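Below, each chain spelled out in residue letters.
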Amino acid sequence: MRHEHWAGLDVCITGGVDRQGSGEGPLVVLLHGFGAPGDDLVALWRYLNVPEEVRFLFPAAPLQLSMGYGDARAWWMLDMERLNQARAQGQWEALSQEIPRGLPPARTQMQDVLSLATETLSVPSSSVIVGGFSQGAMLATDLALHTDIPFAGLVLLSGTLIAKQEWITRLPNRQGLPVFQSHGTDDPILSFSMAQQLREHIQMAGLPVSWVEFRGGHEIPIQVLQGLGAFLQTHLYPSPL
């Protein structure tokens, strides 16, 4: 793998013919979650059943957290006390209406990273799948809804619904975009019911969803990796009509 610094973010690039991003294969961009180190998702590429030519890009979020351990990072800051209170009181609907203050700048930074990635790696946007885990999934969704880049797909691993009215308004513009979504039925961090609501809004707007629910929490178990591998294979290498 190799490391670059693009648009103010450290990125890890792997896969491809030399395992450092070379070649002409498609690109999968995955964004880690809140409080995770920048390389949190890097190991996933080894478990996905896709051709060796597929390349992977893992950006590290710009904000470093003082959480007392490791390289904890975030795409935008969270009010943990308020989130814990909302979680305890089941106030997910109110939270889903909010647009985090740090979301727009994070989206702009990732747009710049994607522009550099497609140029530097010589990959067409139509051969790019973007996604993430938890907060990274939220950012990937928001990014897809604020651009007309013809992505090959969108991956939402244990994400949730935020910026609700804005997203619902913009979703029809992405009609036909394939989505992979997974969520644990016992997720203690992000409500399973809100993930279901997000799926329903996506489907109603005309985006096909490959849905994987699992008995578990805020995690990426083997059945999700298997489903994700199949999704990547299908949409990075579509069968001719």
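About the thresholds
- Residues numbered from 1 in each chain as written.
- Predicted model: local features only at pLDDT ≥ 70, side-chain atom pairs only at ≥ 80, totals over all residues.
- Heavy atoms only, no water.
- Helix = DSSP H or I, 4+ residues; strand = E, 2+ residues; numbered from the N terminus.
- Contact = heavy atoms within 4.5 Å.
- Buried < 20%, exposed > 50% of the residue type's maximum accessible area, 1.4 Å probe, protein only.
- Pairing = 2+ DSSP bridges.
- Axes fitted to C-alpha atoms, helices over the stretch in contact; angles between N-to-C directions.
- Salt bridge = Lys/Arg side-chain N within 4 Å of Asp/Glu carboxyl O.
- Core = buried A, V, L, I, M, F, W, Y, C linked by side-chain atoms within 4.5 Å.

Draft legend 1. Spatial organisation of unusual backbone geometry. With phi around 50 degrees, alanine 7 is a residue other than glycine that occupies positive phi space. Despite not being glycine, serine 122 has its phi angle at roughly 50 degrees, a positive value. Along the chain, serine 122 turns up in the loop between helix 3 (103-120) and strand 7 (128-133).

Draft legend 2. Just the environment of leucine 143, in detail. Among the secondary structure elements, leucine 143 is positioned in helix 4 (residues 135-145). When residues no more than four places from it in sequence are discounted, the contact partners of leucine 143 are Arg107, Met110, Gln111, Leu114 and Val130.

Draft legend 3. Broad picture of the pairing of strand 3 (residues 27-31). Counting buried positions along strand 3 yields five of five residues, so the element is predominantly enclosed. In strand 3, alternate side chains face the same way, and those of Leu27, Val29 and Leu31 on one face and Val28 and Leu30 on the other are all buried. As paired strands, strand 3 and strand 4 (residues 55-59) are joined by three bridges and run parallel to one another. Looking at the pairing, valine 28 lines up with phenylalanine 56 of strand 4. Where strand 3 and strand 7 come together, five bridges link them in parallel fashion.

Draft legend 4. The sheet that holds strand 3, seen in detail. Strand order in the open sheet made by the eight strands is 1-2-4-3-7-8-9-10, with mixed pairing throughout. With partners counted over all chains shown, the strands left at the sheet margins are strand 1 (2-6) and strand 10 (209-214), one partner each. Strand-to-strand twist in this sheet, taken as the mean axis angle between neighbours without regard to direction, amounts to 20 degrees. Strands in contact with helix 4 are strand 3, strand 7 and strand 8 (153-157); relative to strand 7, the strand with the most contacts, it is inclined by about 145 degrees.

Draft legend 5. Local environment of the pattern of salt bridges. Tallied over the entire structure, the rule returns six salt bridges. Measuring nitrogen to oxygen at the nearest pair gives 2.6 Å for the salt bridge that ties glutamate 93 to lysine 164. A residue pair is termed long-range when its members are at least 10 positions apart, and glutamate 93 in helix 2 (residues 92-96) and lysine 164 in helix 5 (residues 164-170) qualify at 71 residues. With a relative accessible area of 35%, glutamate 93 lands in the partly exposed category.

Draft legend 6. Region of interest: the nonpolar core. Residues Val29, Leu57, Trp75 and Met110 are the most contacted members of the largest nonpolar core, which totals 51 residues. Per-element accounting of this core gives the leading share, seven residues, to helix 4. Once residues lying within four places of it in the same chain are set aside, the contact partners of valine 29 are Leu57, Pro59, Met110, Leu114, Val128, Ile129, Val130 and Gly131.

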